Amino acid sequence: MKLKAALTILGLFFLAALSGPLLGLDPGPIDVQHIFAAPSAQNWLGSDDAGRDVLIQLVIGALPSLVVGLSAAAVAILIGGTVGILAGYSRGWLDLVLLRIMDYFIVVPALPFAMVITAIWGPGLGHMIVVIGILLWSTTARVVRAQVKSGRERLYVQRARALGASHFHILTRHILPQVLPLIGTTGSLAVALAILTQAALEFFGLAGTGVLSWGTMIRFAFQRDAMLNDAWWVVIPPGLCICLVITACYWLAQSLEQKLNPRLHTTDLRIRSFALRASAEKP
Amino acid sequence: MSALLELKSVRVEFAARGLFGEGPRVVAVDDASLTVGRGEIVALIGASGSGKTTTMRAALGLQPIDAGEILLSGQALGKMTGRALKDLRRRVQLIFQDPTEALNPRMTVDEIMREGLSIHHIGASAAERRQMIAEALGFVGLTPPCDFLARHPHRLSGGQRQRVAIAAALALSPDLLIADEPVSMLDPSIRAGILDLFARLRAERQMSTLMVTHDLPSAYHLADRVYVMNNGRIVEQGATRAVFQAPRHDYTKTLIRAASGRPVA
Amino acid sequence: MPAIEVEKLNVWMQAGDGRIIHAVKNANLSLGNGGQLAIIGESGSGKSTLLMALLGLLPPNASVSGRVIVNGVDVFEGPEAALAGLRWREVAMVFQASSNPLSPVHMIGQQLTRLLVFHGHDPKRAKARMRELLDMVRLPAQCEQLYPHQLSGGMRQRVVIAFALACQPKVLLADEPTTALDPIVQAEIIELILALRQSLDLALVLVSHDLALVGRMQGDLAVMLAGDIVEYGPVTQLMTKPKHEHLRTLLAALPDFGLVEEPA
């Protein structure tokens, strides 16, 4: 149920994100007649401080939000997965060193770090992907490390070692398949976190101004006092979109987890939940 | 009969890890000597914590030893390097207690069988490997092999899983099998079949087996000689029947009394 | 009133792929107060399902027919409250040694005291009762200060038995209580259970796949095979004159090491 809902929501947003550039949507030029115009039959979600259509901006803004979310999550998973597998598998000093690095990145405060990086590199979508990826990888790395640490003690991994298998063989044939489902789960959580972090960074103007995305929409709405003008339609829709995508990602992670971890299927046996039949016939 | 595996006064110590660095050293195996001859099944009996598993790991070359010597066909394990060390992993095959855990649930029987062959580059062609796998599966009674190759371990019974594990070991034509409680996780009615496999290997292929177990009936039925281990020391050894009928050491007596349903206290 | 009365019990389990497994077929058993019953069978023979059915502890994918009366309570049709009162207070269970139902982060004494208080024991006297229980299962008093991982497998199993005896039950169910233990420890644990059964006058149901253990018991033996009770009768009679082929095979595999005991 949750899986279906999550996939539907994400699918719709992807379609919307693609339809922006495909249909050549354009919120139109600045229109002083319609500054903060309320939703109407023409502009379903009203217009913003420049009199441009909010719905079209929302559709266009979906693409950068999703692209940054997915790419940053991919960066986080790639770094986190590799470091996590290496640390969990190696034990000894390498594990210790990598663990300290992970600890270090976990305590890096997100916004100041992003500010410093933007100050050095300048704003831009690519930079944001890297920044968010760097901020998020250590969580993935920790989770993967813990799983690999217990996974390498599995008897069939020990059997492979007793067979004389190389580390590469054990890692690719036995360890990686164990952690892939976990990477999928933490991956969808990372997408959610990445989209949220991105919106926050954009809200503080750390993402550059050239790109129209949900985060920048909220930023502009605040800067131009949309709320003072009672123009809720400029703030709520992008916020709601962010919430929806994040919720969908969490649901996806949850249902993946439930599918992959049969231990979560527990029933309370204290209450009689089984059926009582009158006769001994086969049901 | 020349000895295939020979342990000479092996000693293994563990450093108990305390709160502040290394604690006192615990002797896990103390002055243990045993031999396994060619075509012989030898049982190493002992309770958990007796040091039998550590001894087994040492014989596999997986556990560094603090004193003594381990020889495989006269070669010292401690002096092996590189290629010889890797070949050791082929020459000595380990059969685990729990076949369900020892086989990767994501691999098919075919992949499990091929894994060892590809690690050790055995078999010149795919066809030759297929032939070797079929032959090994046939020996352990999984016939016709094509019925089993595509299956995953969870679609096999416990006994069949253990047969696959044994076949995978056999395909590498090892010199020595080390079986760690090979039947204790299996139901009594299928134990006999697995034990019979080891007996057939001895009869038909002159296979040497070191069986590490606390299950006395299987040692009694199968082994030519037994060693009894307690607290890291080998306390009794001899021909199976002689030891079981007239145990000399008190520990062996209690062990046999417990397993045959007589009062121990 | 007998302790356990099972009449025409059937249990079906619906597997994940929709297949229905007839786990227990038309089982009839009866166990008097203070009696002993051993149920022998291989994995998948339905012996554990039968045991869980005695306490109504079956998952939602199960369906049952027949009647199970334990200590006067109809397990399937009686009120839910009566069933809840039955569990642990009247009927207690000793689990497999490998399942380890103990909390790893609390000391043995703490866990046991907490269990006693949970089941309505006077908190002031719980500590004394806890010590009494540890003594009953022949554990030294220092054990109350230890964590489960500091105990050996056999000692942990003694703690589990102490847990089971906490509420002074009338019936003790033991599900493979010695599996995964060493032969000597196995013998000690089973001897402890049998001694406690006698001194506390418990009715005992022991489920096992190990015929050597059952040989130490008196009372009845039920042999299960693929859901059927293929043989049911006094232990001594069945062990010497097995009727069913399955029991005969199991008996044939029993060790007789020819150990010559010196006269004491």
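This text goes with the structure placed above it.
Residues numbered from 1 in each chain as written. Chains lettered and ligands numbered in written order. Predicted model: local features only at pLDDT ≥ 70, side-chain atom pairs only at ≥ 80, totals over all residues. Heavy atoms only, no water.

Participant: So what's going on with the environment of C:R125? Residues and values would help.
Facilitator: All names here are of chain C. For R125, the location among the structural elements is in helix α4 (residues 123–136). Among the residues examined, R125 registers a relative accessible area of 55% and is labelled exposed. Here the alpha-carbon distance between R125 and T113, two residues twelve residues apart in the chain, equals 9.4 Å. (Helix = DSSP H or I, 4+ residues; strand = E, 2+ residues; numbered from the N terminus. Buried < 20%, exposed > 50% of the residue type's maximum accessible area, 1.4 Å probe, protein only.)

Participant: Can you lay out the pattern of salt bridges for me, pointing to particular residues and giving the numbers?
Facilitator: Taken as a whole and assessed by the stated rule, the structure comprises 29 salt bridges over all chains. The partner of A:R154 in a salt bridge is B:E101, and the shortest N-O contact between them spans 3.4 Å. With A:R154 in the loop between α5 (125–151) and α6 (155–162) and B:E101 in helix α3 (residues 99–102), the pair connects residues from two separate chains. Taking relative accessible area as the criterion, B:E101 reaches 29% and is therefore assigned partly exposed. When the shortest N-O distance is used, the salt bridge between B:D110 and B:R114 registers 3.1 Å. With B:D110 and B:R114 both in helix α4 (residues 109–119) and four residues apart, this pair spans about one turn of that helix. When its relative accessible area of 37% is taken as the criterion, B:R114 is described as partly exposed. Through salt bridges that share partners, B:R11, B:E13, B:D30 and B:R233 make up one connected network. (Salt bridge = Lys/Arg side-chain N within 4 Å of Asp/Glu carboxyl O.)

Participant: Describe helix α8 (residues 188–205) of chain B, with residues and values.
Facilitator: Residues and elements named next belong to chain B. With 18 residues, α8 should cover 26 Å at 1.5 Å per step; its first-to-last C-alpha distance of 26 Å lies within 8% of that length. If you check which residues of α8 are buried, you get P188, R191, I194, L195, L197, F198, L201 and R202. The buried residues of α8 occupy an angular sector of 150 degrees when the element is viewed end-on, so they sit on one face. When the buried face of α8 is taken as reference, the exposed residues oriented beyond 90 degrees from it are A192, A203 and E204. Just past α8, the residue Q206 takes up positive phi, approximately 55 degrees. (Expected span 1.5 Å × (residues − 1). Arc of directions from axis to C-beta.)

Participant: Can you lay out the nonpolar core for me, pointing to particular residues and giving the numbers?
Facilitator: Counting 90 residues, the largest nonpolar core has C:I4, C:L9, C:I39, C:I161 and C:L173 as its most contacted members. Per element, the largest residue contribution to this core is seven residues, and it comes from helix α5 (residues 153–165) of chain C. With residues near it in sequence (within four places) discarded, C:L9 still touches C:V24, C:K25, C:N26, C:A27, C:L50, C:A53, C:S65, C:G66, C:V68 and C:F76. If you look at the next biggest cluster of nonpolar residues, it comprises 75 residues, including B:L103, B:V140, B:A165 and B:F198. (Core = buried A, V, L, I, M, F, W, Y, C linked by side-chain atoms within 4.5 Å. Contact = heavy atoms within 4.5 Å.)

Participant: Please give an account of the packing of aromatic side chains that cites residues and values.
Facilitator: When we look at a pair of aromatic rings, we describe it by the centre distance and by the angle of the planes. All names here are of chain A. Applying the stated criterion across every chain, the model contains eight aromatic pairs over all chains. Ring geometry for F203 and F204: centres 5.5 Å apart, planes at 85 degrees, overall edge-to-face. On the accessibility criterion, F203 (30% relative accessible area) is partly exposed. Clustering of aromatic rings is evident, with ring pairs tying together Y104, F105 and W137. (Phe/Tyr/Trp six-rings, centres within 6.5 Å; stacked < 30°, edge-to-face > 60°.)

Participant: Describe in detail the environment of C:T178, supporting the description with residues and values.
Facilitator: Residues and elements named next belong to chain C. Among the structural elements, T178 can be located in the loop between β7 (171–175) and α6 (183–200). Taking the C-alpha atoms as reference points, T178 and V94, 84 residues apart in sequence, are found 9.9 Å from one another. In contact with T178, not counting residues within four places along its chain, are Q186, I189, I190 and L213.

Participant: Could you give an account of the interface of chain C and chain A, naming the residues involved and the relevant values?
Facilitator: Across the contact, 22 residues belong to chain C and 15 residues belong to chain A. Summed over both sides, the interface between chain C and chain A buries roughly 1,600 Å², with carbon and sulfur atoms accounting for 58% of that surface. Looking only at chain C, the three residues that lose the most surface to chain A are C:W12, C:P60 and C:E80, adding up to 28% of its buried area. Where chain C meets chain A, there are one salt bridge. We note a salt bridge from C:E80 to A:R272, for which the minimum N-O separation is 3.8 Å. Linking chain C to chain A there are eight residue pairs in polar contact (both at pLDDT 80 or more). Elements represented by at least two residues in the side of chain C that touches chain A include exactly β1 (4–14), β4 (62–70) and α2 (80–86) of chain C. Residue classes in the side of chain C that touches chain A are distributed as twelve nonpolar, six polar and four charged. Pairing of strand β1 (residues 275–277) of chain A with β4(C), which is carried by three bridges, proceeds in the parallel orientation. (Buried area = accessible area lost by both parts, 1.4 Å probe. Polar contact = N/O pair within 3.5 Å; in protein donor to acceptor, adjacent residues only side chain to side chain. Nonpolar A, V, L, I, M, F, W, Y, C, P; charged D, E, K, R; others polar. Pairing = 2+ DSSP bridges.)

Participant: Tell me about the side chain of C:D175, and please be specific about residues and values.
Facilitator: Residues and elements named next belong to chain C. As for its position among the elements, D175 is in strand β7. Despite its burial, D175 pairs with no opposite charge; the closest candidate is K47, at 6.2 Å N-O. Within the local environment of D175, its side chain forms a polar contact with the side chain of S48, the two groups lying 3.5 Å apart. Sequence-distant contacts of D175, that is, excluding residues within four places in its chain, are made with S48, L51, M93, V94, F95, Q96 and V207. (Lys, Arg positive; Asp, Glu negative; His and termini not counted.)

Participant: Kindly report on unusual backbone geometry, identifying the contributing residues and their values.
Facilitator: The step from B:T143 to B:P144 runs through a cis peptide bond, and the omega angle for that step is -10 degrees. Residue B:H121 is not a glycine yet carries a positive backbone phi of 50 degrees. Positionally, B:H121 belongs in the loop between α4 and α5 (126–139). Although it is not a glycine, C:A226 adopts a positive phi angle of roughly 50 degrees. Following the sequence through the fold, C:A226 ends up in the loop between β9 (220–225) and β10 (228–234).

Participant: Can you tell me about the packing of helix α2 (residues 54–90) of chain A against helix α7 (residues 167–203) of chain A, naming the residues and giving the values?
Facilitator: Residues and elements named next belong to chain A. Two numbers describe how α2 lies on α7: the axes approach to 7 Å, and their chain directions differ by 145 degrees. Along this stretch, α2 crosses α7, giving a crossing that reads as right-handed. Residues that form the contact of α2 with α7 fall into these classes: 19 nonpolar, seven polar and no charged. (Axes fitted to C-alpha atoms, helices over the stretch in contact; angles between N-to-C directions. Left-handed = near helix turned anticlockwise from the far one by under 90°.)

Participant: For the sheet that holds strand β6 (residues 91–94) of chain C, give the residues involved together with the corresponding values.
Facilitator: Residue and element names in this part refer to chain C. Pairing within the open sheet is mixed, and its six strands lie in the order β6-β7-β8-β3-β9-β10. Every other strand in the sheet has two partners, leaving β6 and β10 as the edge strands with one partner each. The sheet shows a mean angle of 15 degrees between the axes of neighbouring strands, direction not considered. With five bridges joining them, strand β3 (residues 36–40) and strand β8 (residues 203–208) adopt parallel strand pairing. Across the sheet, Q36 pairs through a bridge with L204, a residue of β8. The strands touched by helix α1 (residues 47–54) within the sheet are β3, β6, β7, β8 and β9, with β7 carrying the most contacts at an inclination of about 150 degrees. This element, helix α9 (residues 245–252), spans β3, β9 and β10 of the sheet and lies at about 105 degrees to β9.

Participant: For the pairing of strand β3 (residues 41–45) of chain B, give the residues involved together with the corresponding values.
Facilitator: Residues and elements named next belong to chain B. Across the five residues that make up β3, a large majority, five, are buried. Along β3, one buried face is formed by I41, A43 and I45 and the opposite face, lined by V42 and L44, is buried too. The pairing of β3 with strand β8 (residues 208–213) spans five bridges and is classified as parallel. When the sheet's bridge partners are listed, I45 is paired in β8 with T213. The pairing of β3 with strand β9 (residues 225–230) spans four bridges and is parallel.

Participant: Any chance you could break down a nonpolar patch on the surface for me, citing the residues and the numbers?
Facilitator: On the surface, A:L18, A:L22, A:L23 and A:L25 cluster together into a nonpolar patch covering about 430 Å² of accessible area. Structurally, the position occupied by A:L23 is in helix α1 (residues 2–23). (Patch = residues over 30% accessible without salt bridge, like charges linked within 9 Å, V, L, I, M, F, W, Y side chains within 5 Å. Areas by Shrake-Rupley, 256 points an atom, 1.4 Å probe, with all protein chains shown as cover.)

Participant: Residues and numbers for the pairing of β1(C), please.
Facilitator: All names here are of chain C. As paired strands, β1 and strand β2 (residues 20–31) are joined by eight bridges and run antiparallel to one another. Across the sheet, the residue bridging to Q14 is I20, located in β2. In textbook terms, the turn of a hairpin is the stretch between consecutive antiparallel strands, and for β1 and β2 this stretch comprises five residues, one of which, G18, has a positive phi near 95 degrees. Of the pairings in the sheet, the one linking β1 to β4 comprises eight bridges and is antiparallel in character. The partner of M13 across the bridge, within β4, is A62.

Participant: A description of the side chain of C:E144 should follow, citing residues and the corresponding values.
Facilitator: Position of C:E144 among the secondary structure elements: in the loop between α4 and α5. Contact partners of C:E144, with chain neighbours within four places excluded, come to C:M107, C:I108, C:G109, C:K127, C:M130, C:R131 and C:L134.

None of this, on its own, says anything about what the molecule does.
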